[in-house]
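These are the residues of each chain, in order.
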Amino acid sequence: MEEFCKSLPKVELHAHINGSVSEATIQKLLAKKKNSDQQFSFKKGSTGTLKECFEKFRLIHQLTDNTESVYQVTCDVIHEFHDDNVKYLELRSTPRAVQDTGMSRESYVESVLRAIQDCGDLDIIVRFLLAIDRRNGVKVGWETLRLAQKFQKSHGDLVVGMDLSGDPSVGDARDYLPVFREAQKSGLKLALHLCEIPAPEETMEMLTLPPDRIGHGTFLHTEAGGNQQFENTVLKNRTPLELCLTSNLIGQTVPNLDNHQFKFWYEKEHPCVICTDDKGVFSTSMSEEYQLAASTFDLKQRDLWNLSEQSINYTFCEENVKEKLRDQFKVYKSKMEEQFNIKL
Ligand SMILES: [Zn+2]
């Protein structure tokens, strides 16, 4: 299964740039900073405890405080997904301003988009979503939307949508409804982190937007303490769910993988997309997430193929790009059938 998952062409729709930064890139940035007082003691190959993961987040945050580093990490993350046979990648990130280094939210986004353009020769299609961090307040939310609109104009198809993320226990997602409504009017798609913790009031209203995809949605369904109305709405709208097994396990939003929400939605034949969330921080990869899904939920090779191929339908890119991907997948399909001697 390991080799199959590695060879499988994949579609990643939920990857935060900073959380995706690998240990190799961290070491590179540390060396550049020559900042010997910053101790980096994350055990290589370790899946990490939650505490270690927070440490890693904090360190990456410190290291990406300038546009050069933002450019560097974006390039590296794209190369790493490419090397893992990801053919289509949607990255997301919260534009960040750091006064000391002169980085503005705008130059942050510019650096990300420049990196995406400079990786244009690789066999991977990359798109970008600007994230609103609910810890930063609505004013910054509006500012982020303005940036998204601006770069949507200047960078053609690269900017495809917006995300709502950050600590789900902070603030109220409903405060951002007007921002997201305007984003929709501008043709930006919405991939929102929703119901990561039980939050019935805000979830109810956020679902009315409706979002184009939901990140995690851990507590949407009744079995997990959600309610019938959420469940029905999501099922009726066929809103795809971005599901990140390792992240949820280490983040302790699910008690164990057998009880992960993937099972509930997948059994209902609801659109599910396997994603990494933060592959660097959680020491995982798309191939490993597919393997984990296979072993946990007893999925066969054909099931994995279907999950990956169907993910193309839920991307935010233009229809002609989706078509191109579908054609590409057809070629891979026959190659894999031959390589693994199976009918997919
Ligand atoms: Zn996420």
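K.L.:
What is the right way to read the sheet that holds strand β4 (residues 159-165) from this model?
P.N.:
Taken together, the eight strands give an open sheet; going across it, the order is β1-β2-β3-β4-β5-β6-β7-β8, and neighbouring strands pair in parallel fashion. The strands lining the two open edges of the sheet, one partner per strand, are β1 (10-16) and β8 (272-274). Sheet twist, expressed as the average angle between the axes of neighbouring strands with direction ignored, equals 25°. Two elements, β4 and strand β5 (residues 189-194), share four bridges in a ladder whose sense is parallel.

K.L.:
Please clarify how the pairing of β5 should be interpreted in this entry.
P.N.:
Each regular strand carries side chains that alternate between the two faces of the sheet. With five of six residues buried, β5 is to be regarded as a mostly interior element. Crossover handedness for the path β4 to helix α7 (residues 177-185) to β5: right-handed. Relative to strand β6 (residues 213-216), β5 runs parallel, the two sharing four bridges. Each residue of the ladder has a partner; that of leucine 192, found in β6, is isoleucine 214. In this view, the connection linking β5 to its parallel neighbour β6 by way of helix α8 (residues 200-206) has right-handed handedness.

K.L.:
What should I look at first to understand helix α6 (residues 137-154) in this one?
P.N.:
Owing to its 3.6 residues per turn, the α-helix brings residues three or four apart onto one side. Along its 18 residues, α6 runs 26 Å from first to last C-alpha, staying within 8% of the 26 Å computed at 1.5 Å per residue. For α6, the complete set of buried residues consists of Gly141, Thr144, Leu145, Ala148 and Phe151. Projected down its long axis, α6 carries its buried residues within an arc of 135°, all on one side. Exposed residues pointing more than 90 degrees away from the buried face of α6 are listed as Lys139, Lys153 and Ser154. Tucked into the core, α6 has its buried residues touching α5 (105-118), β3 (125-133), β4 and α7.

K.L.:
Just checking my understanding: could you explain the environment of alanine 293 for this structure?
P.N.:
With respect to the secondary-structure elements, alanine 293 resides in helix α12 (residues 286-297). Given 24 C-beta atoms within 10 Å, alanine 293 falls into the buried group. For the pair alanine 293 and phenylalanine 151, spaced 142 residues apart in sequence, the C-alpha separation works out to 36 Å. If near-sequence neighbours (up to four positions away) are discounted, alanine 293 is found in contact with Leu245, Phe262, Ile274 and Leu299.

About the thresholds
- Residues numbered from 1 in each chain as written.
- Predicted model: local features only at pLDDT ≥ 70, side-chain atom pairs only at ≥ 80, totals over all residues.
- Pairing = 2+ DSSP bridges.
- Helix = DSSP H or I, 4+ residues; strand = E, 2+ residues; numbered from the N terminus.
- Axes fitted to C-alpha atoms, helices over the stretch in contact; angles between N-to-C directions.
- Buried ≥ 20, exposed ≤ 12 C-beta atoms within 10 Å, placed from the backbone.
- Right-handed = clockwise from strand over helix to strand, strands pointing away.
- Expected span 1.5 Å × (residues − 1).
- Arc of directions from axis to C-beta.
- Contact = placed C-beta atoms within 7 Å.

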